[in-house]
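Now for the letters of each chain:
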Amino acid sequence: METNYDNARSSKYGKEISFLLETEIPFTPTQVTMKAISSTFSMSEELAEEVRRKWEEKGWGPDGMKWRYEGYKISQDNGLELFVSPIMYSWHNILRDKKGMPYDFYPTPLTVNSIQETLDEKIAIAVRGKKSDQRGLCFLGSGFIDRLAGDAIGTSLLYTPFDAANQECSEETSYDVPVAESGFDIQNATMLGLVRGSNTDVATIIHVPLNVSSDKVHLRAENGEHDDLFFLSTDESSLINFLEKKGVENARAADHLLGGIELYLIHRYHKNTLK
């Protein structure tokens, strides 16, 4: 099993962005599995009490069950196995604010960031709203991979980041398509890599090709997680400009958004630079 924290390539577009996994050939849904293992994460009693107290002070209500990124393994037939362990959301929410600590200090939840690309070659970028605990720009179709009550250590899980991407895209996005149709088919999606940023979670970057053009894509009003939506052109100069500016005027991009755009840029225009 590899984590690649120490050998990760750093992005030139953000000092805290690193690529734990990047591959020339993206992974398809049938190639990716998740397995639950015992956690390597630990907190002192004093730190655990601090986390509990600060979480209660926020008054956000019930905690959430998430998965911690532990590492990965690639098989000879290019299958990708992601290893995860059980954590609580409150651990991540509180400890991510302690900057500059070693990698193993953080709970490091596994998340999904979806690159929804329209038929007219644009990427859906959302502006986070009041219902989000973060600010700035993000991919439309992003979130944590939830842990279910019946999940057990030592088992291969019934879902993957593709299932999470399917759920997040469907919950956050409205597509102008007939009732019997869908805006995308998750079986056509691919995983481009793993990115870690200043928020300390590890994001699986999932490219989701849409069946509709950008004028048919909207924020799902009932979700309420985002305030606005715009589309980034996928031509090389636009992508590089976005990365160099770290977003757009008056709106800074989250690290995982920058990392995901960089991976997309490499896969589309400079794939020969990947190992």
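In case you missed it, the structure is sitting above this.
What you see is a predicted model, and the numbers here were worked out from it, not measured in a lab.

Thoughts on the overall build of the chain
Okay, step 1: Each helix and strand in the chain was counted, giving 5 helices and 16 strands.
Okay, step 2: C-alpha extents for the chain along the principal axes are approximately 55 × 45 × 40 Å.
Okay, step 3: Counting contacts in the chain only where the partners sit at least 6 residues apart, residues at least 24 apart contribute 74% of the total.
Okay, step 4: Total accessible area on the chain is roughly 13200 Å²; 48% of this is exposed by carbon and sulfur atoms.
Okay, step 5: Distance from the positive charge centre (29 side chains) to the negative charge centre (42 side chains) of the chain: 5 Å.

Description of the environment of K122
Okay, step 1: Mapped onto the fold, K122 is located in strand β7 (residues 122–128).
Okay, step 2: Taking the C-alpha atoms as reference points, K122 and V217, separated by 95 residues in sequence, lie 11 Å from one another.
Okay, step 3: Each residue touching K122, except ones within four places of it in the same chain, is listed here: Q116, E117, S214, F231, L232, S233 and T234.

Description of the packing of helix α4 (residues 236–245) against helix α5 (residues 255–269)
Okay, step 1: One can describe the packing of α4 onto α5 by two numbers: an axis separation of 10 Å at closest approach and a directional angle of 155°. Taken as axis vectors, α4 and α5 run roughly antiparallel relative to one another. Relative to α5, the crossing made by α4 is left-handed. The segment α4 lies against α5, with E236, L239, I240, F242 and L243 engaging L257, L258, I261, E262, Y264, L265 and Y269.
Okay, step 2: Of the residues in the contact of α4 with α5, the class split is 10 nonpolar, no polar and 2 charged.

What to know about α5
Okay, step 1: Its 15 residues place the ends of α5 21 Å apart at the C-alpha level, agreeing with the 21 Å of an ideal helix rising 1.5 Å per residue.
Okay, step 2: α5 sits mainly inside the fold: 13 of its 15 residues count as buried.

Considering the nonpolar core
Okay, step 1: Ranked by internal contacts, the top residues of the largest apolar core, which has 40 residues, are M34, L110, M191 and L194.
Okay, step 2: If one sorts the elements of this core by residue count, helix α3 (residues 161–172) sits on top with 4 residues.
Okay, step 3: Residues within four places of M191 in sequence aside, it is in contact with L21, P26, F27, V32, L80, F162, T204, I205 and I206.
Okay, step 4: In terms of nonpolar packing, the next biggest core, distinct from the first, is built from 24 residues, Y13, F242, L258 and L265 among them.

What about α4?
Okay, step 1: Within α4 the residues assigned to the buried category are L239, F242 and L243. Down the axis of α4, the buried side of the element spans an arc of 95°, and every buried residue falls inside it. Turned more than 90 degrees from where α4 packs its buried face, S237, E244 and K245 sit exposed.
Okay, step 2: Where the residues of α4 are buried, they touch β7, β8 (137–139), β14 (226–233), β15 (247–248) and α5.
Okay, step 3: Following α4 by one or two positions, K246 adopts a phi angle in the positive range, close to 60°.

With respect to the sheet that holds strand β4 (residues 65–74)
Hydrogen bonds along the backbone pair up the strands of a sheet, which may run parallel or antiparallel.
Okay, step 1: Here we have 3 strands laid out as an open sheet, ordered β3-β5-β4, and mixed in their pairing. Single-partner strands in this sheet number two, and they are β3 (32–36) and β4. Recorded for the sheet is a direction-independent mean angle of 30° between the axes of neighbouring strands.

Examining the pattern of salt bridges
Okay, step 1: If you walk through the whole model with that rule in mind, you get 12 salt bridges.
Okay, step 2: Taking the shortest distance from any N to any O, the salt bridge between E70 and R68 comes out at 3.3 Å. Each member of the pair, E70 as well as R68, carries the same accessibility label: buried.
Okay, step 3: In this structure, R268 and E117 form a salt bridge, with 3.3 Å as the shortest nitrogen-oxygen distance. Residue R268 is located in helix α5, and its partner E117 is located in strand β6 (residues 110–117); the two are separated by 151 residues in the primary sequence.
Okay, step 4: A network of salt bridges, in which partner residues are shared, links R9, E22 and E262.

Here we look at the pairing of β6
Okay, step 1: Across the 8 residues that make up β6, a large majority, 8, are buried.
Okay, step 2: The sheet contact formed by β6 and strand β12 (residues 202–209) spans 8 bridges and is parallel. In the strand pairing of β12, L110 is matched with V202.
Okay, step 3: Looking at chain direction, β6 and strand β9 (residues 142–144) are connected through 3 bridges and run antiparallel. By the bridge assignment, T111 is partnered in β9 with F144.

Definitions and limits used
- Residues numbered from 1 in each chain as written.
- Predicted model: local features only at pLDDT ≥ 70, side-chain atom pairs only at ≥ 80, totals over all residues.
- Heavy atoms only, no water.
- Helix = DSSP H or I, 4+ residues; strand = E, 2+ residues; numbered from the N terminus.
- Contact = heavy atoms within 4.5 Å.
- Areas by Shrake-Rupley, 256 points an atom, 1.4 Å probe, with all protein chains shown as cover.
- Lys, Arg positive; Asp, Glu negative; His and termini not counted.
- Charge placed at Lys NZ, Arg CZ, Asp CG, Glu CD.
- Axes fitted to C-alpha atoms, helices over the stretch in contact; angles between N-to-C directions.
- Parallel < 35°, antiparallel > 145°, perpendicular 65-115°, else oblique.
- Left-handed = near helix turned anticlockwise from the far one by under 90°.
- Nonpolar A, V, L, I, M, F, W, Y, C, P; charged D, E, K, R; others polar.
- Expected span 1.5 Å × (residues − 1).
- Buried < 20%, exposed > 50% of the residue type's maximum accessible area, 1.4 Å probe, protein only.
- Core = buried A, V, L, I, M, F, W, Y, C linked by side-chain atoms within 4.5 Å.
- Arc of directions from axis to C-beta.
- Pairing = 2+ DSSP bridges.
- Salt bridge = Lys/Arg side-chain N within 4 Å of Asp/Glu carboxyl O.

Function cannot be inferred from these measures alone, as they are strictly geometric.
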